[in-house]
Amino acid sequence: MIVESAMTSSPITVGASCTVLHAAEIMLANRISGLPVVDDDGVLVGMITEGDFLRRYELNTDRRRSWLQSWLASPGKIADEYVRSHGRRVDEIMNSHLVVVPPTAALSEAIRLMERYEVKRLPVISDGRLVGIIARSDLLRALTKVEKPSAPSTQDAQIQEAVDAELAKQSWSRNGFIRCQVKNGVAELSGTIFDERERLAAKVAAENVPGVRAITDHLTWIDPYYGVALPPLVGDEDRI
């Protein structure tokens, strides 16, 4: 899936010369947490988000430093914080260091940029123009539109083969200690694990295979330090 298929087209924007309070009103009225900032020619020049409103003198939340902290901080840094907490125009408090993504980029690339730069949304730029915005909420909407593959008419042997193939691809189960046997659509997991997190991972691997209608857990956990084996008290069955 590419960015264009999940992004919000024609996003709501705010002018760089607008007041901070007007930007806040737009965000509240539209229930959004960030706005692209454009100049008089409609060119993207920055982003303003709810995080830019945390330190405001109107709320008495502007940063207060002890004398030692003030002495250690540079005058430029203190001046910059003053502007961000007292600025009245959007272009005075916005973030002008933008991370953007083209509409043809893969969604995985957009997510990589969000994680790397710790941002919640990315402007989508094409030929130098703002054509959309991709936010975490857009990813949630895209996820809900992905149709779950229908369970094909397969035999237990074919389902088991698919589960085995998925387990064989994963580093945490490639050692072959996790086994699966499918009977009447029920995937019975058995064998040994050395980390409890592998138990849930094995269940997830099985439940995503079309045709699996339930999972029974017979996995035995072995403490890698003491060699103590703890089998499950009862084989838990999870219905899908």
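The numbering scheme is per chain: residues are counted from 1 as the chain's sequence reads. Side-chain atom pairs in this predicted model are given and counted only at pLDDT of 80 or more, local residue features only at pLDDT of at least 70, and totals for whole chains, interfaces and linings cover all residues. Here the side-chain values reflect all heavy atoms present in the structure, with hydrogen atoms and water set aside.

When DSSP finds two or more bridges between a pair of strands, those strands are recorded as paired. The helix and strand labels rest on DSSP assignments: H or I over at least four residues marks a helix, E over at least two residues marks a strand, and numbering proceeds from the N terminus. Strand order in the open sheet made by the 3 strands is 1-6-5, with antiparallel pairing throughout. Lying at the two open borders of the sheet, with one neighbouring strand each, are strand 1 (8-9) and strand 5 (121-126). Bridge count between strand 1 and strand 6 (residues 129-135): 2 bridges; the pairing is antiparallel. Bridge pairing in strand 6 places Ser 9 opposite Gly 132. Residues count as neighbours in contact if any of their non-hydrogen atoms are within 4.5 Å of one another. Each axis is a line fitted through C-alpha atoms, and for a helix only the stretch in contact is used; angles between axes span 0 to 180 degrees, taken between their N-to-C directions. Running at roughly 130° to strand 5, helix 6 (residues 107-117) makes contact with strand 5 and strand 6 of the sheet.

Next up on the list: the packing of aromatic side chains. We call Phe, Tyr and Trp rings a pair once their centres come within 6.5 Å, taking the six-membered ring for Trp, and we label the pair stacked below 30 degrees between planes, edge-to-face above 60, and tilted otherwise. Scanning all chains against the criterion turns up 1 aromatic pair. Summarising the aromatic geometry, the rings of Phe 177 and Phe 194 are spaced 5.6 Å apart at their centres and angled 65° between planes, so their arrangement reads as edge-to-face. Here Phe 177 is found in the loop between helix 8 (156-169) and strand 7 (178-183), whereas its partner Phe 194 is found in the loop between strand 8 (186-193) and helix 9 (197-207), with 17 residues between them in sequence. On the basis of relative accessible area, Phe 177 is assigned to the partly exposed category, the value being 38%. Burial status follows relative accessibility: with a 1.4 Å probe on protein chains alone, a residue under 20% of its type maximum counts as buried, one over 50% as exposed, and anything between as partly exposed.

In low-pLDDT segments, the atomic positions of the prediction should not be examined closely. Scored from 0 to 100, pLDDT records how confident the predictor is in each individual residue. For the protein, the average pLDDT comes to 88, and 92% of its residues sit at 70 or higher. Taken element by element, the protein is modelled with least confidence in strand 11 (residues 236-239), mean pLDDT 69, and with most confidence in strand 2 (residues 14-15), mean pLDDT 96.

The topology assignment puts Val 14 in strand 2. Taking relative accessible area as the criterion, Val 14 reaches 2% and is therefore assigned buried. In this structure, the C-alpha to C-alpha distance between Val 14 and Glu 50, residues 36 residues apart in sequence, is 14 Å.

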